[in-house]
Number of protein chains: 2
Amino acid sequence: MTGATPSASTIRFERVAVIGVGLIGGSFALGLKAAGRCSSVVGVGRNPDNMRVASERGIIDIVEADAAEAVRGADLVLVATPVAQFEQLFARIVSNLSPSALVMDAGSTKQDVVAAARAALGNRISQFVPAHPIAGAEHSGAAAAKADLFHKKRVVLAPLEENSPQLVELAAIAWEACGARISRMTPAEHDAVFAAVSHLPHFLAYALVHEYAGRANQEQLFGYAAGGFRDFTRIASSHPEMWRDICVANREALVAELDRYVDKLQAMRIPLMTGDGAALEEVFGEARDARNRWLAGEFDR
Amino acid sequence: MTGATPSASTIRFERVAVIGVGLIGGSFALGLKAAGRCSSVVGVGRNPDNMRVASERGIIDIVEADAAEAVRGADLVLVATPVAQFEQLFARIVSNLSPSALVMDAGSTKQDVVAAARAALGNRISQFVPAHPIAGAEHSGAAAAKADLFHKKRVVLAPLEENSPQLVELAAIAWEACGARISRMTPAEHDAVFAAVSHLPHFLAYALVHEYAGRANQEQLFGYAAGGFRDFTRIASSHPEMWRDICVANREALVAELDRYVDKLQAMRIPLMTGDGAALEEVFGEARDARNRWLAGEFDR
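Residues numbered from 1 in each chain as written. Chains lettered and ligands numbered in written order. Predicted model: local features only at pLDDT ≥ 70, side-chain atom pairs only at ≥ 80, totals over all residues. Heavy atoms only, no water.

Asks: Now, about the relation of the copies chain A and chain B: what can you tell me, with residues and values included?
Replies: The two copies are related by a screw motion: chain A maps onto chain B through a turn of 180° and a shift of 0.0 Å along the axis, at an RMSD of 0.0 Å. Both copies are brought into coincidence by an operation consistent with a two-fold rotation axis. Taking the C-alpha atom as reference, chain A places Phe232 of chain A closest to the rotation axis, 2.0 Å from it. A shared interface surface links the copies, since 99% of the contact residues of chain A are contact residues in chain B too. (Least-squares fit on C-alpha atoms with pLDDT ≥ 70 in both. Contact = heavy atoms within 4.5 Å.)

Next comes the structure, spelled out in structure tokens:
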């Protein structure tokens, strides 16, 4: 990436290192390959069965046990393991990173990832562009990866002051090659937004299910739970370890949102207590209208 | 219904009056007809277009503007209008009720319905068997009615002390003819259970959407809301008027559940604040396990 930036359509990565070849890492590799944007992918992972699936499916071309070896000569490195492993991984790869390599993550939180990257990457921090693809799914592992997972999905880039505009653009080009739409936010802004629209709903759903699972009449309660309860609590079937990490990593923003939500509930408790139907109907109606505007795409960008 | 109870398979209603021919009332009529359990259905409704659809679809055989006329000679009366109209309707029909007629409702709350029925029906209260079919749907009106809406769905009967066992059994037979599974609870027990597994989730979903719709950055927040948020808030697209009525009618039980839920959130706030990942993971894991057991049918009865 010296001199003039090549046009987006001609950029091609020679060696892509994917550390953690699960749904996200595997789909990123497949997406780049399908777009003709990469020559070879080296994959790193701890589960031999998963790595065999990744090889058999053509997601990766080379299996490498050691992340430090995998990044040698790579022009693009995606770290797609659980966030808790990031700092150790960054420390492991830093000395073998090519000076021009683009390094990205795919974590659900950003401020903690940036802190880990700063601690481990030192002056190589300028090569790290934090990224969060908004594309979860019910299934996980290389077996679930697919080339179009990111198609029309949003990927948030949370660039650092140290990143060059060219490197951030390169990051955008890689995800766009996978079909994604790019948004940019600061890491703090990212964590505040996702505390509200993702992390708090998960916390609330886990809380509701856990509350009823602890009741003496839990069998009766679950026996009468129906479709509304099922959808409301679907995210309470998410991975406990992953959500533990997200909640702990983003606890400052999440506590702030939780407190505002409890305040909201206490405010709505007043018309409920007094049987003020008009006030309740106004809240319910405004909420329904906002949600319907959202479903209609009014807040798309 | 004098002498020995006829076997369930021979019971047939001669004239069924359905007051409020929407999704529930219309599907009840279609279900009874499909099972060969009723000779004719008289329908009462205020919306001429809806009543025309109900006639054209063969849901009802007779359109009657006046509920008092409709129940004359009926051996089964289903009141399936919004709950807020019940007391007035009961008062309107009481003097024309056949002494052997079975009267049921289809409301989502029971204690308030029983109070309205007691106030309006007087000593005819023994003919009223409170019922709550657990079968909502996205669509409403006679156009959405279908014979199998209640197939394998649960219908809660909340019988009164004044009901004869034979009449309660007749109520069960009618819903079973529509394919439903019958449960019995007291009205108070019903309202407590549904405050927990239905009314509180609706209240919480409305609160969350309304909270974010009121933020200065609402466009940004909704712009990044994804699948988890969509499912969690699906019930916030429910009818504001209907949920206003349910919340007001069942406010005592709902406030009690709300308070317990806020206590739960405050308890879970402590490990969140202190970054106690192990404690959070335990709650999340237990919640996921309970939900998965529920999905697997462990709490079916």
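Asks: Which residues make up the confidence of the model for chain A, and what values do they have?
Replies: Close reading of the predicted structure is inappropriate where its pLDDT is low. Residue-level pLDDT values for chain A average 94, and 96% of them are 70 or greater. The ipTM for the predicted assembly is 0.89, set against a pTM of 0.90. (pLDDT = per-residue confidence, 0-100.)

Asks: Explain the packing of aromatic side chains to me, using residue names and the numbers behind them.
Replies: Under the definition given, this model contains 23 aromatic pairs over all chains. Measuring from centroid to centroid gives 4.5 Å for Phe28 of chain B and Trp175 of chain B, while their planes differ by 50°, and the two rings are tilted. A residue pair is termed long-range when its members are at least 10 positions apart, and Phe28 of chain B in helix 1 (residues 23-34) and Trp175 of chain B in helix 6 (residues 165-177) qualify at 147 residues. Judged on exposure class, the residue Phe28 of chain B and its partner Trp175 of chain B are both buried. By the ring-pair criterion, three or more aromatic residues cluster together here, those being Phe222 and Phe229 of chain A together with Trp294 and Phe299 of chain B. The ring centre of Tyr224 of chain B lies 4.8 Å from the NZ or CZ of Arg154 of chain A, which sits over that ring. (Phe/Tyr/Trp six-rings, centres within 6.5 Å; stacked < 30°, edge-to-face > 60°. Helix = DSSP H or I, 4+ residues; strand = E, 2+ residues; numbered from the N terminus. Buried < 20%, exposed > 50% of the residue type's maximum accessible area, 1.4 Å probe, protein only. Lys NZ or Arg CZ within 6 Å of the ring centre and 35° of its normal.)

Asks: Could you give me a rundown of the domain arrangement of chain A, with the residues and numbers involved?
Replies: Residues and elements named next belong to chain A. Structurally, chain A comprises domain 1 (8-185) and domain 2 (190-295). Relative placement of domain 1 and domain 2: their C-alpha centres are 32 Å apart. Across the boundary between the two partners, domain 1 contributes 12 residues, which contact 12 residues of domain 2. The tally of links between domain 1 and domain 2 comes to zero salt bridges. (Domains from an automatic or database assignment. Salt bridge = Lys/Arg side-chain N within 4 Å of Asp/Glu carboxyl O.)

Asks: An account of the nonpolar core is requested, with residue identities and associated values reported.
Replies: In terms of nonpolar packing, the biggest core is built from 86 residues, with Phe203 and Leu265 of chain A together with Phe203 and Leu265 of chain B touching the most fellow members. Excluding residues that lie within four positions of it along the chain, Leu265 of chain B makes contacts with Phe203, Leu204, Ala207, Leu258, Tyr261, Val262 and Leu265 of chain A. Listed in part, the 42 residues of the second largest apolar core include Met51, Val129, Ala135 and Leu149 of chain B. (Core = buried A, V, L, I, M, F, W, Y, C linked by side-chain atoms within 4.5 Å.)

Asks: An account of the interface of chain A and chain B is requested, with residue identities and associated values reported.
Replies: A common way to state how big an interface is: give the accessible area lost once the parts meet. Residue-level contacts link 87 residues of chain A with 86 residues of chain B. Buried surface at the junction of chain A and chain B, summed over both partners, amounts to about 8600 Å²; 67% is from carbon and sulfur atoms. At the junction of chain A and chain B, the tally comes to 10 salt bridges. A salt bridge links Arg215 of chain B to Glu257 of chain A; its shortest N-O distance comes to 2.9 Å. In this assembly, chain A and chain B are joined by 32 residue pairs in polar contact (both at pLDDT 80 or more). Elements with a minimum of two residues in the side of chain A that touches chain B: strand 8 (154-157), helix 7 (187-213), helix 8 (218-224), helix 9 (227-232), helix 10 (240-249), helix 11 (251-274) and helix 12 (277-295) of chain A. (Buried area = accessible area lost by both parts, 1.4 Å probe. Polar contact = N/O pair within 3.5 Å; in protein donor to acceptor, adjacent residues only side chain to side chain.)

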